[in-house]
Amino acid sequence: MSKPTIPQGTRDFDAATLRKRYYIFNTIKQCFEWFGFEPLETPAMENLDTLMGKYGDEGDKLIFKILNNGLDRPEKREKVQEAFEQVLQGKNTKEITERALRYDLTIPFARFVAMNHQQLTLPYKRYQLQPVWRADRPQKGRYREFYQCDADVVGTESLQADADFVQLYDLVFTKLNLPVTIHINNRKILAGLAEICEASEQLTDITIAIDKLDKIGKPAVLEQIAQLSLPVHAVDTVDNFLSVSGSNSDKLHTVGQLLAASALGTEGVLELQTIVALSETLETKNELIVDFTLARGLNYYTGAIFEIKAIGVAMGSIGGGGRYNDLTGLFGVKGIAGIGISFGLDRIYDCMEELQLFPQQALEEKKVMFLHMGDACTSFVMQQLKKLRLQGIIADYYHQQAKLDKQFKYAERKGFGIVVIIGPEEMEEGTCQVKNLSTGNQEKIAVSALAEFLG
RNA sequence: GAGGUUGUAGCUCAGUCGGUUAGAGCGUCAGAUUGUGGCUUUGAAGGCCGGGGGUUCGAAUCCCCUCAAUCUCCCCA
């Protein structure tokens with residue numbers, strides 16, 4: 001038999017890793033709760049229809065599809081073979097696959113809202129911490145199974161909600177002590193730019209090119225724009241757009257003038273101004289940056305868009321989100337606007353690990369281990385363990401008779417801070433030896449006082 | 001989907017120009033130590049050199065194929 005493996009891009013997590021992951025997980029969850037979001041979980045798999053066409057052509061290719069069961073049944077043979085021909089052409093058919101692993105948490109949430117909107121009291125704020133799957137090629141900071149931590153609110157068009165999410169981002173990264181910049185833009189501004197360029201049809205191409213600015217530089221971006229066969233003035237317009245600099249309000253002012261001829265673009269500038277102004281009165285620990293090059297790939301955003309970048313680490317975005325004013329419309333329910341953000345748990349972990357930001361205190365637990373002299377002590381030791389555990393103290397003992405030497409080494413390796421030694425002498429006296437492994441201090445106390453001593 | 005790098009002990013890695021029985025450190029286990037961990041010290045176990053094929057008297061080493069990991073581009077959290 002060959003050695004067992006796990007699928008590409010997936011991982012097993014050991015105890016030390018999980019403690020750190022839980023630390024991030026719990027911090028994010030706690031912040032969501034503080035903001036009044038309610039928990040929600042949705043299935044790992046969705047109907048393929050629910051997911052297809054929501055993430056763009058590129059996204060569709062990255063959805064993990066689940067093969068239908070029972071394809072081998074003889075009476076289906078002809079249908080299945082016919083359907084498979086379709087698959088070979090790059091099409092999906094219900095005969096072969098009708099379910100898929102979820103690709104993100106936003107679309108399943110929209111599906112949930114569309115199914116339940118009559119029961120929900122709007123605005124509805126939910127948070128969701130669950131794994132998602134993408135058939136991407138794994139590399140640094142990119143996995144095929146990873147956790148997203150989403151908070152969304154639906155049923156409000158208020159820009160105050162947008163500003164609230166800036167505060168939420170700021171709070172989470174403040175609590176994690178991970179320095180980031182919060183980038184914000186507005187889809188309407190990008191649409192306005194395309195309008196000014198007389199190339200509304202090519203909005204996506206333009207934004208994809210602009211998005212690469214910090215990676216390939218302005219000349220290369222303008223080169224790409226030039227190749228889109230847009231009106232002659234378009235390259236200059238984009239050049240001006242990308243040259244905007246200064247403070248957030250300076251940038252908004254300049255772009256406001258540049259896009260004055262576009263009603264949509266002007267609306268976007270005004271929205272962004274409102275959000276930025278609100279955020280500035282509240283102040284953020286992490287810098288809020290108006291970033292007109294921020295595009296984000298997902299098609300369904302209509303207003304504000306966010307992206308988070310960690311400072312001091314070469315890592316893609318560790319969070320993103322934005323406003324979508326008609327997401328449930330995709331599922332036949334019109335008129336429910338929403339906005340939401342996501343935290344990439346795995347990337348946040350990678351950043352914090354690289355910057356060594358995990359606080360030792362938060363990861364260590366107070367644990368007590370009993371060392372004993374053999375079977376004669378077992379019943380006594382177990383009685384003491386029971387008392388401690390009822391008090392919420394993590395307590396364990398060595399399940400076999402062994403030399404103290406060995407038990408000591410075990411306790412140390414497993415991270416027990418305190419050991420309690422029980423032998424025939426102690427049992428007779430009703431005492432025990434309590435030793436602190438980090439200081440080496442040892443004292444004899446009455447067993448009856450143990451729980452209080454450790455508590 | 002395109003390209004680069006790397007696969008040797010549980011882990012991190014040496015291994016010369018192709019040449020005898022493939023090494024080290026860490027870790028594991030046992031002893032030094034019959035009621036006291038970390039330090040020290042002695043010893044042991046542990047390998048189809050990723051897999052397959054080829055060249056050669058002879059391959060961990062050279063060539064081809066394949067698998068896996070990892071990174072870059074595309075795209076994304």
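In this text the structure is predicted, and so the values were computed from the model without any measurement.

Conventions adopted
Residues numbered from 1 in each chain as written. Chains lettered and ligands numbered in written order. Predicted model: local features only at pLDDT ≥ 70, side-chain atom pairs only at ≥ 80, totals over all residues. Heavy atoms only, no water. Helix = DSSP H or I, 4+ residues; strand = E, 2+ residues; numbered from the N terminus. Rg over C-alpha atoms; globule rule 2.2 N^0.38 Å. Buried < 20%, exposed > 50% of the residue type's maximum accessible area, 1.4 Å probe, protein only. Contact = heavy atoms within 4.5 Å. Areas by Shrake-Rupley, 256 points an atom, 1.4 Å probe, with all protein chains shown as cover. Lys, Arg positive; Asp, Glu negative; His and termini not counted. Charge placed at Lys NZ, Arg CZ, Asp CG, Glu CD. Near = heavy atom within 4 Å. Polar contact = N/O pair within 3.5 Å; in protein donor to acceptor, adjacent residues only side chain to side chain. Phe/Tyr/Trp six-rings, centres within 6.5 Å; stacked < 30°, edge-to-face > 60°. Lys NZ or Arg CZ within 6 Å of the ring centre and 35° of its normal. Pairing = 2+ DSSP bridges. Axes fitted to C-alpha atoms, helices over the stretch in contact; angles between N-to-C directions. Domains from an automatic or database assignment. Arc of directions from axis to C-beta.

This part covers the overall build of chain A. A count of helices and strands for chain A gives 19 helices and 16 strands. Taken against the 2.2 N^0.38 rule, which gives 23 Å for 455 residues, the C-alpha radius of gyration of chain A at 29 Å runs more than 25% over that of a compact globule. Judged by the C-alpha coordinates and their principal axes, chain A covers about 95 × 70 × 45 Å. Each of the 455 residues in chain A was classed as buried or not, and the buried ones make up 48%. For chain A, the share of sequence-separated contacts (at least 6 apart) that also reach a separation of at least 24 residues comes to 70%. Working note: accessible area of chain A is about 23,700 Å², and carbon and sulfur atoms make up 50% of it. Where the 50 positive side-chain charges of chain A centre and where its 60 negative ones centre are 6 Å apart.

This brings us to the protein's contact with RNA strand B. Neighbouring residues of RNA strand B: 41 residues in total, closest Arg 134, Arg 142, Ser 317, Arg 347 and Leu 437. Considering RNA strand B, the proportion of its atoms within 4 Å of the protein that are sugar or phosphate atoms stands at 48%. Take Arg 134: an N or O atom from its side chain is 2.5 Å from a sugar or linking oxygen of RNA strand B. In this structure, a phosphate oxygen belonging to RNA strand B sits 2.8 Å away from a side-chain N or O atom of Lys 406. Sorting the residues of the surface near RNA strand B by element identifies β6 (145-154), α17 (404-413), α18 (424-429) and β15 (431-436) as the ones contributing at least two each.

Enumeration according to the criterion identifies 18 aromatic pairs in this entry. Measuring from centroid to centroid gives 5.8 Å for Phe 37 and Phe 165, while their planes differ by 40 degrees, and the two rings are tilted. Placement of Phe 37 in the loop between α1 (15-34) and β1 (38-39) and of Phe 165 in helix α6 (residues 159-176) is noted, with a sequence separation of 128 residues between them. Across the pair, exposure class does not vary: Phe 37 and Phe 165 are buried alike. With 5.5 Å between their ring centres and 45 degrees between their planes, Tyr 349 and Phe 358 make a pair best called tilted. Overall, the relative accessible area of 10% leaves Tyr 349 in the buried class. Cluster of aromatic residues (ring-pair linked, three or more members): Phe 32, Phe 37, Tyr 127, Phe 165, Tyr 169, Phe 173, Phe 306 and Phe 343. For Arg 126, the ring lying beneath its charged end belongs to Phe 109, and the centroid distance is 4.0 Å. Across the ring face of Tyr 103, the terminal group of Arg 134 is positioned such that the distance to the ring centre comes to 4.1 Å.

Bringing the sheet that holds strand β4 (residues 97-101) into the picture now. Taken together, three strands build an open sheet; the order of strands is β2-β4-β3 and the sheet is antiparallel. Two strands lie at the open edges of the sheet, namely β2 (45-47) and β3 (65-67), each paired on one side alone. If you compare each strand with its neighbour and ignore which way they point, the axes differ by 45 degrees on average. Judged from the three bridges that link them, β3 and β4 form a sheet pairing that is antiparallel. Within β4, the position partnered with Lys 65 by the bridge is Ala 100.

Moving on: the domain arrangement of chain A. For chain A, the assigned domains read domain 1 (15-63 + 103-354) and domain 2 (365-454). Of note, the centres of domain 1 and domain 2, computed from C-alpha atoms alone, are 52 Å apart.

Turning our eyes to something else, we now look at the environment of Ala 314. Within the fold, Ala 314 resides in the loop between β9 (304-310) and β10 (319-324). Under the relative-accessibility criterion, Ala 314 is labelled exposed at 63%. Distance from Ala 314 to Phe 292, taken between C-alpha atoms, is 21 Å for residues 22 residues apart in sequence.

A large share of helix α7 (residues 187-196) lies buried, amounting to nine of its 10 residues. In this structure, the buried residues of α7 make contact with β7 (180-186), α8 (203-211), α11 (234-243), α12 (248-258), α13 (263-282) and β9. N-cap assignment for α7: the residue whose side-chain oxygen lies 2.8 Å from the backbone N of Lys 188 is Asn 186. Remark: Glu 198 follows α7 within two positions and exhibits a positive phi of approximately 55 degrees.

This next bit is on the environment of Lys 76. Here Lys 76 is to be found in the loop between β3 and α4 (77-88). The spatial distance from the C-alpha of Lys 76 to the C-alpha of Glu 95 is 9.3 Å, given a sequence separation of 19 residues.

On to the sheet that holds β1, then. With respect to topology, eight strands assemble into an open sheet ordered β1-β5-β6-β11-β10-β9-β7-β8, the strand pairing being mixed. Of all strands in the sheet, those bounded by a partner on one side alone are β1 and β8 (287-290). The pairing of β9 with β10 spans four bridges and is antiparallel. Residue pairing across strands places Ile 305 opposite Gly 322, the latter belonging to β10.

Okay, the pairing of β4 next. With three bridges connecting them, β2 and β4 associate as antiparallel partners. Counted as the bridge partner of Met 45 is Leu 101 from β4.

Once that is clear, we can look at α12. By the burial criterion, the buried members of α12 are Asn 248, Lys 251, Leu 252 and Val 255. Down the axis of α12, the buried side of the element spans an arc of 95 degrees, and every buried residue falls inside it. Looking at the buried side of α12, the elements it contacts are α7, α11, α13 and β8.

Right, let's talk about the pairing of strand β16 (residues 442-446) for a bit. Bridge count for β15 against β16 is five bridges, and the pairing is antiparallel. Bridging across to β16, Lys 435 finds its partner in Gln 442. Here β15 folds back onto β16 in antiparallel fashion, the turn holding five residues, of which Gly 440 has a positive phi close to 85 degrees.

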